[in-house]
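Understanding the architecture of this molecule
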Amino acid sequence: MYKISFFAVVIVCTLLSVTAHGHTVTSLKPTMKVNNLRCEYRKEPLGIDSVHPRFSWIIQSAVNAKDQYQTAYRIIVASSSSILAKNRGDLWDSGVVRSSKQNNIAYSGSALKSGQQCYWKVCIWPDEGDAEWSKPAMFEIGLLHPSDWVGKWISNGKKLPETDADFYKDDPAPMFRKKFALPKPIKKARLYITGLGYYEASINGSRIGDHVLDPGWTRFEKRTLYCTYDVTNNLQKGENCIGAILGNGWYNPSPLRLFGTFNLRDYLAVGRPRMIAQLHIEYKDGTTDIIGSDETWKVSEGPLLRNSIYLGEVYDARKEQTGWDKPGFDDKKWRNATLAQDNTGPLVVQSQPPIRVRSQWNAIKQTEPIPKVYIYDLGVNFAGWVSLSLNLTKGTVVKLRYGELVNADGTLNPMTSVAGQIKGLRQGTSESIGGPGAPSIAWQSDTYIAKGEQNETYTPRFTFHGCRYIEITGLVAPLPLKSVTAIALSSDVEEAGTFECSNPLLNNIQEVCRRTFLSNIFSVQSDCPHRERLGYGGDIVATSEALMSNFDMAGFYAKTVRDWSDSALPGGMFTDTAPYMGIQYCGVVWAMAHPLLIDQLYRYYGDRAIGDDEYEAAKRWMSLVEKQYPDRIVTEGLSDHEGLAPAPAPEMVTPLYYQGAKMMEVAARRLSKMEDAAHFSSLAQKIREAYVAKFVDQSTGKVGPGTQTSQAIGLYTGIVPDTVRAKCLSFLLRDIEEHKGHLTTGILGTKFMLDVLSREGHADVAYEIATQPSFPGWGWMLMSGATTLWEHWEFSDNTFSHNHPMFGSISQWMMQWLGGIQPEPDAEGYDRICIRPQTPEGLDWVKTSYKSIRGEIVSNWKRKGNTLTFEIFVPVNTTARVCLPARSVDEITEDGKKLSRSANLTGAGIEFKIGSGRYTFTVKSK
C-alpha cells in the first residue's frame, strides 16, 4: 500500500482524473457505485468516542459485470458539508491509496474534538472504468474527556432501604425537571444523557428518541453508557423544560436470591436511581450555552410506585402530574435534586444497537377459565410489553400476570417463567427462598390503578416480560382483543440473512429461531427473557454464528466482548456470565465466549481493533486455565448442557480448551506476537496429546463415552488425529442410526454434530435429524405448540424455559450448509467466501442471502429431475470458493457453457474459485 502525492490527488479527483491504472477518464460512466457508508459500523452516528473512527462502505456494480475490484480509494473528511462538496478534506485527506480495503479504515487526520461534527465521503477506483465518489455522510464526536462533562450525577436524595424486605415496598420512580430560557434563535442542540438503572427523557413534553430500557446493561463501575440526541427541533425560543424519569433496572435491583442463592446486590454496583445530562446549545449568532444536571434540578415522586426488572411494575395513574415536563408547570412542591455519590465507571458512548420496539400485534384469543379471570393468547411467545387500552372507574386495580403456558383447565401457568426458580418457602420457615420480603412465587406481574378517564392506556416502562399468555384480573368485563397489544422489544440489530426452502418444517424452525434470538438480545444475549435474563457464555458459544447469520451483530458482540473483560475476576479469570452476577461454576466453555467472539468479529466484520484491545485479557485468561490444569485435561465445568446422554467434563470440555488455545495462536499471529503464537501452538499440541492418549480409542474411533456429542466435538475441534477421523465419523454415524436418526446432543453437541456431518459429506444424515417430527428434535417442539425454542428437548410445564436460544444453532446450519454461505476460516470481514450448498434428497430448493459487511451474497438452488441449478451472487471486491455436488467437471455448466475455470475434485464435489458477479451453474448427473 502506498500513497500518491497530494498534487496527483487533486488531478485524480477532478472531472478529468487518472485512475489507479493511469489512463485518462471522465466521471460520466462509473462502473461501480459506492453506498452504505458507515462510521464505526453505524450510519451517520451521533456521538462516537473514538478519535480514530473507522470507515466502511459497500461497492455495487453499476452493470452486471464479473470479477470487479476496487484498486484504490480516497477518503476525505471535512468540517462542513460545503467544504466537502468541493472535494476538499480540511480535516483529513487520505490521498489516493492503492488498496482493495473497504472496511474499518481508521481516520488519521487533524485531532478531533468533543462535539465536533464531521462530513466525509470516499472516492474509489475500479480495476477498469471510472472513479466514483460516494454520496456524503456525517458523523459526530461525543464527549471524549471526563472534563467535558459539566453535568453531575443527581438523585432524589433518598437512602436505600435498611432491610431487604423494605425493597419490596412502594418506592416511587423519581421524576426530574429543569426549566430554562433560551433568549435567541437556535442553530443546533445536543442532549447527552444517561440514567441508572433506566431512564426516559423528554423536552417540553415530547419524548426524546425511541430507545427503551436505556442504557444497556454493563458493569456500571467499569463503564456506564450514554447517548447523544439531536434535540434542535425540540427546543423553542423562550421557556423550555427537560424532564426525565428513572427506573431501577440492573442498578437498583430487588435483593431476590436467584435460585435461592444469588443476590444481585452482592455482585453489582448498586445505588439509588440517578441521572446525568447536559444540553449543548449553539445559537445562530455563534454563541453557545450548556445546561447540565445539578442541584438546581427539581425532583418529585411519580405514579410508578414500584419497578423491578424481574417482578414488574405497580403504576397508580391517579398520581400522574399533568404537564410535569413542560415549562409552565408549577413545581413549587418539588424539591431540589441531590448530588449522587459516584460509584460508576467512565461515561462511554453507547455504540451497540439500542433496544427499540420491533413489532406490535393484538391478542388473538380471550378465554375466561374462572369468573372474572381473563386469559389472553398473544399467539406466540415473545419478549417485551403488553399494552392495554382501558375505560375504567377511578381507582380500579387491574392486575396482570404473564406466562408461557396455560394449564389443562385454561388457567395461566407462569411457572416456566418464574424469576430465578423462586417457587416456595425455605424449609421449616415462612420466608420465601427468594429472601426476606420476596414473593413466595416470583412470577412476572404488573399492576395498574386507573385514573378514571376515557381511553386510558397502560404500557410498562422499566421492565419487560417473556410470555405468550397474559392473565388480567380486576375488570368487570373482558377487554376486546384490539385493546390488548403485544409489543415485541429487542436490541435493534439490522436484518442480515434470509433462508427459505421447500420444506415447511425447516421454514417454521427458522422463524422460531429468529423469534427466540430477538427475545434474548436486550443489550446482552440472555439465556431466557424472564427467569434469568443473564448473559451466559455457553449460549453465546453455541449460537453466536447463528445470530450473525441472521442479523448484523458487529456492535452488539463488540459490547459483549468488553462485558466479559469488564467482568473478569481480580486475577483475570473470565466468568460464566457477563455482566458478572455471582454464578461461577460453568468453566472453560462459558468463558471462551470472549476469545471466540474476537475471532468471529474479525472473520465476519473485519474488526481488528477489538482483538488489539482485548488480546491481553484473553491471554491472561488462557494462562490461568493453563495453570489450573497442568495435566492439560479439564476436570470440571459444565459441558453439553441439556443433552440426553452422559456429558463428563474431561471428555467434553478438554477439546474446547484445545480449540481455545488454537484461537489464541491465531489471535497472536494477527498481532504479530510470534512468541505468544508459538506458546499457544505448543499448548494446543500438548492438550491434544494428553487427550488422545486418555480418551481416543484409535482402533475403533470411539472418543470418550462414545456419545454423539463426544464424537462430534472431537471431529469439530480437530483434536482427533487425521488417522482416526474416518473411524470416529463412522462411530458417530452408527450411534445416530441406533437412535433411528435422532439426536442425543445438548447445547454444544447439537451445533457441532450438524456441522461435522455436513462438512464430512453426510448432509443427508444432518437433514434427517433436523426434520424429525418425533421426540427429540425441533419438529417435536413445534408439533407440541412451541413458537420459540425450548431449553430442554422434553416438554416442561414447571422448570425449563420455553424461550431459550441454545438449540438455535440449527439456523446457522440451514443458512451456512443448506444455503451454503460461509466466511472462509481465514477471512477478514467476509473478503473470502465459501459457497458450499448441500442438496439432501427430499429438499427441492433453497433460497439464502446474507448481507455481509462487503455486500449481499446470494446462494439459491433448485432441483428438477436429475438437474441441479445454482444461482450465486458474489459482491464486488470479494472472491468465493464454490463447491458443487458433482462427480466431474463435465457435469457442470456455467451460464449455459461448459465450465472453463480451473477446478478440483474433492470428497464433497467439484471445487473452483469465482470473483464478484452473478452466476448460474447447472449440475446434470447421468
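These notes cover the structure that comes with them. All values derive from a computational prediction rather than experimental measurement. (Residues numbered from 1 in each chain as written. Predicted model: local features only at pLDDT ≥ 70, side-chain atom pairs only at ≥ 80, totals over all residues. Heavy atoms only, no water.)

Moving on to the overall build of the protein. For the protein, the helix and strand inventory stands at 16 helices and 50 strands. Relative to the 2.2 N^0.38 estimate, which gives 29 Å for 926 residues, the radius of gyration of the protein is 29 Å and therefore close to what a compact globule would have. Its C-alpha atoms give the protein principal-axis dimensions of about 85 × 75 × 55 Å. Residues counted as buried form 62% of the 926 residues belonging to the protein. Surface summary for the protein: the accessible area is close to 34500 Å², and the carbon and sulfur share equals 50%. Taken as two groups, the 101 positive and 100 negative side-chain charges of the protein have centres that lie 4 Å from each other. (Helix = DSSP H or I, 4+ residues; strand = E, 2+ residues; numbered from the N terminus. Rg over C-alpha atoms; globule rule 2.2 N^0.38 Å. Buried < 20%, exposed > 50% of the residue type's maximum accessible area, 1.4 Å probe, protein only. Areas by Shrake-Rupley, 256 points an atom, 1.4 Å probe, with all protein chains shown as cover. Lys, Arg positive; Asp, Glu negative; His and termini not counted. Charge placed at Lys NZ, Arg CZ, Asp CG, Glu CD.)

Further remarks concern the packing of aromatic side chains. One pass over the full model with this rule turns up 33 aromatic pairs. Centroid distance Phe55 to Phe139: 5.7 Å. Interplanar angle 55°. Geometry classified as tilted. With Phe55 in strand 5 (residues 54-61) and Phe139 in strand 11 (residues 137-141), this residue pair connects regions lying 84 residues apart in the sequence. Phe55 sits in the buried class, given a relative accessible area of 0%. Here the aromatic cluster, defined as three or more aromatic residues joined through ring pairs, consists of Tyr41, Tyr604, Tyr605, Tyr830 and Tyr850. Positioned above the aromatic ring of Trp443, the side-chain terminus of Arg401 is 4.3 Å from the ring centre. Over the aromatic face of Trp845 sits the side chain of Lys847, whose NZ or CZ is 5.6 Å from the ring centroid. (Phe/Tyr/Trp six-rings, centres within 6.5 Å; stacked < 30°, edge-to-face > 60°. Lys NZ or Arg CZ within 6 Å of the ring centre and 35° of its normal.)

Once that is clear, we can look at helix 5 (residues 554-567). With 14 residues, helix 5 ought to run about 20 Å at 1.5 Å a step, and its terminal C-alpha atoms sit 20 Å apart, in line with that. The buried fraction of helix 5 is high, at 13 of 14 residues. (Expected span 1.5 Å × (residues − 1).)

So, about the side chain of Thr750. Within the fold, Thr750 resides in helix 13 (residues 749-759). At a separation of 2.8 Å, a polar atom in the side chain of Thr750 contacts the side chain of Thr745. Excluding anything up to four places from it in sequence, Thr750 contacts Thr745, Trp778, Trp793, Phe807 and Ser809. (Polar contact = N/O pair within 3.5 Å; in protein donor to acceptor, adjacent residues only side chain to side chain. Contact = heavy atoms within 4.5 Å.)

Helix length check: helix 3 (residues 504-519) (16 residues) gives 23 Å between terminal C-alpha atoms against 22 Å at 1.5 Å per residue, within 8%. Two or three places before Leu505, at the start of helix 3, stands the capping residue Asn503, its side-chain oxygen 2.8 Å from that residue's backbone nitrogen.

Side-chain alternation along strand 50 (residues 917-924) places Gly917, Tyr919, Phe921 and Val923 on a buried face and Arg918, Thr920, Thr922 and Lys924 on a face that remains uncovered. Strand direction decides the pairing type here: strand 44 (residues 867-874) and strand 50, joined by 8 bridges, are antiparallel. Paired with Val874 across the strands is Gly917, a residue of strand 50. (Pairing = 2+ DSSP bridges.)

Attention shifts here to the sheet that holds strand 8 (residues 105-106). What the 3 strands build is an open sheet, ordered 3-5-8; its pairing is antiparallel. Looking along the sheet, the strands with just one partner apiece sit at the ends: strand 3 (32-39) and strand 8. With 2 bridges connecting them, strand 5 and strand 8 associate as antiparallel partners. For Arg54, the partnering residue across the bridge sits in strand 8 and is Ala106.

Once that is clear, we can look at the pattern of salt bridges. By the definition in use, this model includes 56 salt bridges. Here Arg74 makes a salt bridge to Asp93, at a shortest N to O gap of 2.7 Å. Taken as a pair, Arg74 in strand 6 (residues 70-78) and Asp93 in strand 7 (residues 92-93) lie far apart in primary sequence, 19 residues in all. The pair Arg74 / Asp93 is uniform in exposure class, with both members buried. The salt bridge involving Arg335 is made with Glu301; its shortest N-O contact spans 2.8 Å. Taken together, the positions of Arg335 in strand 26 (residues 335-336) and Glu301 in strand 23 (residues 298-301) put the pair 34 residues apart, joining distant regions of the chain. Three or more residues joined by partner-sharing salt bridges are found here, namely Asp210, Arg356, Arg358, Asp492, Glu495 and Arg514. (Salt bridge = Lys/Arg side-chain N within 4 Å of Asp/Glu carboxyl O.)

Moving on, we get to the sheet that holds strand 40 (residues 821-823). If you trace the 5 strands from one edge of the open sheet to the other, you get 40-41-45-49-48, paired in mixed fashion. Strands at the two margins of the open sheet, each flanked by one partner only, are strand 40 and strand 48 (903-906). Sheet twist, expressed as the mean angle between neighbouring strand axes with direction ignored, is 25°. (Axes fitted to C-alpha atoms, helices over the stretch in contact; angles between N-to-C directions.)

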